[in-house]
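# Examination of the molecular architecture
Letter by letter, the chains look like this.
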Amino acid sequence: IPWQLERAYLYTLRVRAVSIGETLDVLPDATFGFREVWTEGRDILINGVRSRFRLGWQAGLNQNSLSLFRLIGLNVFEFQPNGTAFYCNWATDWPWLDEKLLDRLDREGCGALLLTPSISNLRSSQLDEPAVRAAHERDLRHWIRRYRNRACVLAWLPAMKPAAPSGQMRVPSS
């Protein structure tokens, strides 16, 4: 059974290593849901079902406020990808996301548009300096690996406003 917006269905994986009747190791339970997201024209489909995002911003979103946001009809929350947002400065802080809140979004069938380590502050150094690019790609791989198996994660946001007029777009020379 797949996970859907507003109709969460989660599985629990339990792993235990046993040899000759003796338990050698037990891993913490892992909860997950099956979901695949794609677009067809203007429609967003989750597991083949046309989905309507009623979008909210994560400001004020926590364990206590989620019920209120659900009551007013919100079902997907955008997490702020601005590298110097009011809650952190990514030059000095590493803002891990609230795992308990993400667990609840998984259980309640709410979607999340999650931030990634921002490219906003890197600007052209992302294209021009190989060391900066390599460090950012390493951080990005780590970040996505940490959160990718959550059912609620529907998309990744690389920057505050990733679209730019075509005259201002730059592509790497290599």
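Residues numbered from 1 in each chain as written. Predicted model: local features only at pLDDT ≥ 70, side-chain atom pairs only at ≥ 80, totals over all residues. Heavy atoms only, no water.

### Focus on the pattern of salt bridges
As enumerated under the stated definition, the model contains 11 salt bridges in all. Here R14 and D29 are joined by a salt bridge, their closest N and O atoms 3.0 Å apart. Residue R14 is located in the loop between β1 (11-13) and β2 (16-19), and its partner D29 is located in the loop between β3 (22-26) and β4 (30-32); the two are separated by 15 residues in the primary sequence. For R14, a relative accessible area of 61% translates into the label exposed. A salt bridge links R150 to D106; its shortest N-O distance comes to 2.9 Å. Placement of R150 in the loop between α4 (130-147) and β11 (153-157) and of D106 in helix α2 (residues 99-108) is noted, with a sequence separation of 44 residues between them. As far as the burial class goes, R150 and D106 line up, both buried. Here the residues in one salt-bridge network are E99, D103, D106, R146 and R150, joined through shared partners. (Salt bridge = Lys/Arg side-chain N within 4 Å of Asp/Glu carboxyl O. Helix = DSSP H or I, 4+ residues; strand = E, 2+ residues; numbered from the N terminus. Buried < 20%, exposed > 50% of the residue type's maximum accessible area, 1.4 Å probe, protein only.)

### Considering the sheet that holds strand β10 (residues 111-115)
The four strands lie next to each other as β8-β9-β10-β11, forming an open sheet whose pairing is parallel. The strands lining the two open edges of the sheet, one partner per strand, are β8 (55-57) and β11. Taken over all neighbouring pairs, the strand axes of this sheet differ in orientation by 25° on average, direction set aside. Of the pairings in the sheet, the one linking β8 to strand β9 (residues 76-78) comprises three bridges and is parallel in character. When the bridges of β9 are listed, G56 appears paired with F77. Against the sheet, α4 engages β10 and β11, with an angle of about 165° to β11. (Pairing = 2+ DSSP bridges. Axes fitted to C-alpha atoms, helices over the stretch in contact; angles between N-to-C directions. Contact = heavy atoms within 4.5 Å.)

### Observations concerning the environment of A112
Inspection of the secondary structure assignment puts A112 in strand β10. According to the relative accessible area criterion, A112 is buried, its value standing at 0%. Along the sequence, A112 and A155 sit 43 residues apart, while their C-alpha atoms lie 7.2 Å from each other.

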